[in-house]
Structure formats: structure tokens, C-alpha cells
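# Survey of secondary and tertiary structure
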Amino acid sequence: MGKLVICDHPLIQHKLTFIRDKETNTKDFRELVDEVSTLMAFEITRDMPLDTITVHTPVAETEAKVLSGRMLGIIPVLRAGLGMVDGILKLIPAAKVGHIGLFRDPETLQPVEYYINLPTDAPDRLLIVVDPMLATGGSANAAIAALKNRDCTQVKLMCLIAAPEGVAAVQAAHPDVDIYVAALDEKLNDHGYIVPGLGDAGDRMFGTK
Ligand code: PRP
Ligand code: URA
């Protein structure tokens, strides 16, 4: 089964509190999501492989580490996932970005795919699917399945807040995918919203509704 990593760094937890707060305005919400995404990118890249090279310091020659050049891709799930992209690119500026458009049918809670556009070399990359909310897990599972259907086999999932139901759903459907979250919340309510959560991530990110 894929691992669940809860990124419990104090800076992440502090910023997440204000992301949750319903009084936080759109501008601050966006900035906080951006900052937390950068901090989580630090955690999700922890196991990136390194090579050893020789470097000449002003004092001596030494062996030192550099990233081995493994290529990454960031795959936001539209809309709300868009708000996490720039924060990750600050740490990994050479990553390519693909997009998966999904919305959750409010009646059935089933994901409806309306757009997909991936880098041509996506199958060669480690892909990080980003979406602030992992609720029922339907959207994340559909996004990961869409990648796998296009021969992309190395996938990680990064969300701000997850419900236990969503984590279980992704672990069942995609046991090869590690999940990184800033918080694992209590449950889903009758409308499929995460409790306590942060409300509707897309609406809060873009100031709609
Ligand atoms: C939200 C969220 C996830 C999905 C999570 O998107 O950003 O994509 O719901 O729910 P699930 O785990 O039950 O599938 P939404 O469908 O509201 O679309 P939006 O980002 O366009 O607002
Ligand atoms: N989508 C959201 O935006 N928020 C939730 O709590 C669940 C799904």
C-alpha cells in the first residue's frame, strides 16, 4: 500500500489554520496555499535521487551531491489544484506542468472529466498530482487513472486536507501511489465536504460563489 505522509512541520500547520479560517479573504487564501505548497514540495522531494560529482572549492577538490536529473511533472486537478502549482515551481522550476480538468457532480459526487493535457514526455517523469482536497477520493482516483491510461506509472499525490474516506479510496485503487497531506481530518459530511476542512477550495481560491 502507498504510504500516507502527514506534513506536520509547524510552519505548514500554522499556515493551514488560516487557510481553514472562513474569515481569510481570497488574496490571503491564495498566498497561504502557495506558501504551504512550497513547504510541502520540500517534503515530497525528500527522496529525490542524488549523484556525486567532483567540485573545486576555493580551498580543495571534494565530492559533492547534485540532483540526478530525474524529471518531474506537476499535474494540477482543475480548478483548485492550479493554486498549488506556482508554490511547487519555486522549488522545482524545471518541472513541466500538465492539467486534468475534473469537477465533482454535486448530486452523485462522481468526478466528470472535461480536459486533459499532459507534457509529451509525461510517461518518463515522476508526476505529482496536486489538489487541495481529497474528499471521497473520486477526483484523485480519476486523475491518477487518467495518467496511468496514458502510460504514466510514477505518480505521487499531494493534497492540503484529506478525509479518511479519500485516503482509503486512493490506497485501495492505487496502492503504488504515495499520498502527502498537510492534515488528515475527521470525516465527510452528508454533502461530501471534509469536516472540519476549509469549505469549497475552488470557490475560496478564485472568489466564486
Ligand atoms: C474539489 C476539489 C477536488 C474534489 C475533491 O473540486 O478541488 O478536486 O472536489 O472531492 P472528491 O475527493 O470527493 O472527488 P470540485 O469538484 O469542487 O471542482 P473545482 O475545483 O472546479 O471547484
Ligand atoms: N471539495 C472541496 O472543495 N471541499 C471539500 O470539503 C470537499 C470537496
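The rules behind these values
- Residues numbered from 1 in each chain as written.
- Chains lettered and ligands numbered in written order.
- Predicted model: local features only at pLDDT ≥ 70, side-chain atom pairs only at ≥ 80, totals over all residues.
- Heavy atoms only, no water.
- Patch = residues over 30% accessible without salt bridge, like charges linked within 9 Å, V, L, I, M, F, W, Y side chains within 5 Å.
- Areas by Shrake-Rupley, 256 points an atom, 1.4 Å probe, with all protein chains shown as cover.
- Salt bridge = Lys/Arg side-chain N within 4 Å of Asp/Glu carboxyl O.
- Helix = DSSP H or I, 4+ residues; strand = E, 2+ residues; numbered from the N terminus.
- Near = heavy atom within 4 Å.
- Polar contact = N/O pair within 3.5 Å; in protein donor to acceptor, adjacent residues only side chain to side chain.
- Nonpolar A, V, L, I, M, F, W, Y, C, P; charged D, E, K, R; others polar.
- Buried < 20%, exposed > 50% of the residue type's maximum accessible area, 1.4 Å probe, protein only.
- Arc of directions from axis to C-beta.
- Contact = heavy atoms within 4.5 Å.
- Phe/Tyr/Trp six-rings, centres within 6.5 Å; stacked < 30°, edge-to-face > 60°.
- Lys NZ or Arg CZ within 6 Å of the ring centre and 35° of its normal.
- Disulfide = S-S within 2.5 Å.
- UniProt positions renumbered as here; feature names shortened; annotations may be inferred.

On the surface, F103, V112, Y114 and Y115 cluster together into a nonpolar patch covering about 370 Å² of accessible area. For the nonpolar patch, the leading source of residues is strand β7 (residues 111-117), giving three residues.

Time to look at the site of ligand 2. Taken together, R104, M133, A135, G192, Y193, I194, G199, D200 and A201 make up all the residues around ligand 2. One of the backbone N or O atoms of I194 is found 2.8 Å from an oxygen atom in ligand 2. Taking G199, its main chain carries an N or O atom lying 2.8 Å from a nitrogen atom of ligand 2. Burial of ligand 2 by the protein chains amounts to 88% of its free accessible area of 240 Å². For the shell around ligand 2, a count of residues per class yields five nonpolar, two polar and two charged.

With that settled, the discussion passes to helix α1 (residues 10-20). Within α1, burial applies to I12, K15, L16 and I19. For α1, the angular spread of buried residues about the axis comes to 110°, placing them on one side. Residues of α1 that are buried in the fold lie against α2 (26-44), β10 (155-162), β11 (178-184) and α6 (201-206).

For the structure shown, the criterion picks out one aromatic pair. A centroid spacing of 6.1 Å and a plane angle of 35° characterise the contact between F103 and Y114, whose relative ring orientation is tilted. Within this pair, whereas F103 is found in strand β6 (residues 99-104), its partner Y114 is found in strand β7, the two being separated by 11 residues in sequence. On the accessibility criterion, F103 (43% relative accessible area) is partly exposed. Overall, the relative accessible area of 44% leaves Y114 in the partly exposed class. Its end group placed over the ring of Y193, R104 keeps NZ or CZ at 5.6 Å from the ring centre.

Inspection of the region around ligand 1 gives 14 residues, with R104, D131, A135, T136 and S139 positioned closest. Residue R104 places a side-chain N or O atom 2.7 Å away from an oxygen atom belonging to ligand 1. A135 is positioned with one of its backbone polar atoms (N or O) 2.9 Å from an oxygen atom of ligand 1. Its free accessible area being 500 Å², ligand 1 has 90% of it covered by the protein chains. Where the shell around ligand 1 is concerned, the elements lending two or more residues are β6, β9 (133-134) and α4 (138-148). Of the residues that constitute the shell around ligand 1, the class distribution is six nonpolar, five polar and three charged.

Let us look at the state of the cysteines. In this structure the tally under the stated criterion is zero disulfides. Counting only cysteine sulfurs, C159 is the nearest neighbor of C152, a cysteine outside any disulfide, at a range of 18 Å. Counting only cysteine sulfurs, C7 is the nearest neighbor of C159, a cysteine outside any disulfide, at a range of 11 Å. A relative accessible area of 1% places C159 in the buried class.

On to the UniProt feature "binding site: uracil" (unreviewed entry) in the protein chain, then. What UniProt calls "binding site: uracil" (unreviewed entry) maps, in this numbering, to I194, G199, D200 and A201. Position of I194 relative to the elements: it lies in strand β13 (residues 194-195). Leaving out residues up to four positions away in the same chain, I194 has contacts with M133, L134, A135, I161, A162, A163, D185, K187 and L188. Here A201 is to be found in helix α6.

Mapped onto the fold, E43 is located in helix α2. Note: C-alpha distance between E43 and H9 (34 residues apart in sequence) is 9.5 Å.

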